[in-house]
Amino acid sequence: MHFALSAMYLTDEHKASMNKFRRASRANLLPLAGVCLGLIATALLSLASFSKIDAFQANARWVDHTHQVRFDLEQTAFAVSDAQAAVRGFLVADQTDFLVPYHKATRTLPTLVGGLNALVRDNPDQHQKMTALSRSIDEFMAMMGRILITRQAEKNPEAAFALVANGSGDRALSLIRLQIEALQNAETHLLQAREQQLAQSIADMRNWLILGTSIVFVLFGGAFWLLSREISRSQ
């Protein structure tokens, strides 16, 4: 009887110890779970941040792309205007120094036009406009070349002046300016839309970082608080 009571007492004591151990184990698991969740949240935040950064970089590249198109269009307009002014200056002064801007234009325009065609290839409407502009520039430069041939090779200044006076060069230049203006206007609208997308991607990235950092802070902070509480209890 005494042995039975002792065994029962030990069993109850053992059960109490086991229950106490289980409660302590569960309590100790809480900080560990918080740390694990914090690490998982940190990994997910990093992956999402990379995605947001990629979106930001893509939008930034499109903004730079649009600025490049606008700049090259401006340089193209300057080049054709300089070419006409150079040819007319040469006819009046009969000095080849006046042709320096013309020769520069003959070198730079193919590069500018080729670069613009490549830049706007992603936009069918802009590419179509650029194709028309390329033809207009080729025709205009052919006119300027014909004037110079008439004056220099054929040595016929009167005929060269007549080619200028008929207004074909002015009309061709006006058409080029209108075509460049249409391209610029379209690029301006694209720039506005792309700058808005860039601003939105910046805001999304900032908000995500704030939210993600807050979640990680709460998880790690909660885990350390639970750990500190258990340490205090054990003491």
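1. Things to note about the side chain of Thr150
Step number 1: Positionally, Thr150 belongs in helix α3 (residues 124-153).
Step number 2: Excluding residues that lie within four positions of it along the chain, Thr150 makes contacts with Lys155, Asn156, Ala159, Ala160 and Leu163.

2. Regarding the packing of α3 against helix α4 (residues 157-165)
Step number 1: Where α3 meets α4, the closest approach of the two axes is 7 Å, and the angle between their N-to-C directions is 160°. Classified by the interaxial angle, the pair formed by α3 and α4 is roughly antiparallel. Relative to α4, the crossing made by α3 is left-handed. Only Pro157, Ala159, Ala160, Leu163 and Val164 of α4 make contact with α3, whose side of the interface consists of Arg146, Ile147, Thr150 and Arg151.
Step number 2: A breakdown of the residues in the contact of α3 with α4 according to their chemical character gives six nonpolar, one polar and two charged.

3. Details of unusual backbone geometry
Where the residue is not glycine, phi is negative for most of them; where a peptide bond is considered, it is trans in most cases.
Step number 1: At Asp94, a position not held by glycine, the phi torsion is positive, near 55°.
Step number 2: Summarising the element assignment, Asp94 is placed in the loop between α1 (2-93) and α2 (100-119).

4. Some points on α2
Step number 1: If you check α2, its first and last C-alpha atoms are 28 Å apart, about what 20 residues at 1.5 Å a residue would give, namely 28 Å.
Step number 2: At Thr108, α2 is bent by approximately 35°, the largest bend along its length, and proline Pro110 sits one to four residues beyond.
Step number 3: Listed in full, the buried residues belonging to α2 are Tyr102, Ala105, Leu109, Leu112, Val113, Leu116 and Asn117.

5. Some words on the environment of Ala86
Step number 1: If you trace the backbone, Ala86 turns up in helix α1.
Step number 2: Counting along the chain gives ten residues from Ala86 to Thr96, while the straight-line C-alpha distance between them is 9.4 Å.
Step number 3: Apart from the residues lying within four places of it in its own chain, the contact partners of Ala86 are Phe98, Leu99, Pro101 and Tyr102.

Reading the values: rules and limits
Residues numbered from 1 in each chain as written. Predicted model: local features only at pLDDT ≥ 70, side-chain atom pairs only at ≥ 80, totals over all residues. Heavy atoms only, no water. Helix = DSSP H or I, 4+ residues; strand = E, 2+ residues; numbered from the N terminus. Contact = heavy atoms within 4.5 Å. Axes fitted to C-alpha atoms, helices over the stretch in contact; angles between N-to-C directions. Parallel < 35°, antiparallel > 145°, perpendicular 65-115°, else oblique. Left-handed = near helix turned anticlockwise from the far one by under 90°. Nonpolar A, V, L, I, M, F, W, Y, C, P; charged D, E, K, R; others polar. Expected span 1.5 Å × (residues − 1). Bend = angle between axes of the 7 residues up to and from the residue. Buried < 20%, exposed > 50% of the residue type's maximum accessible area, 1.4 Å probe, protein only.

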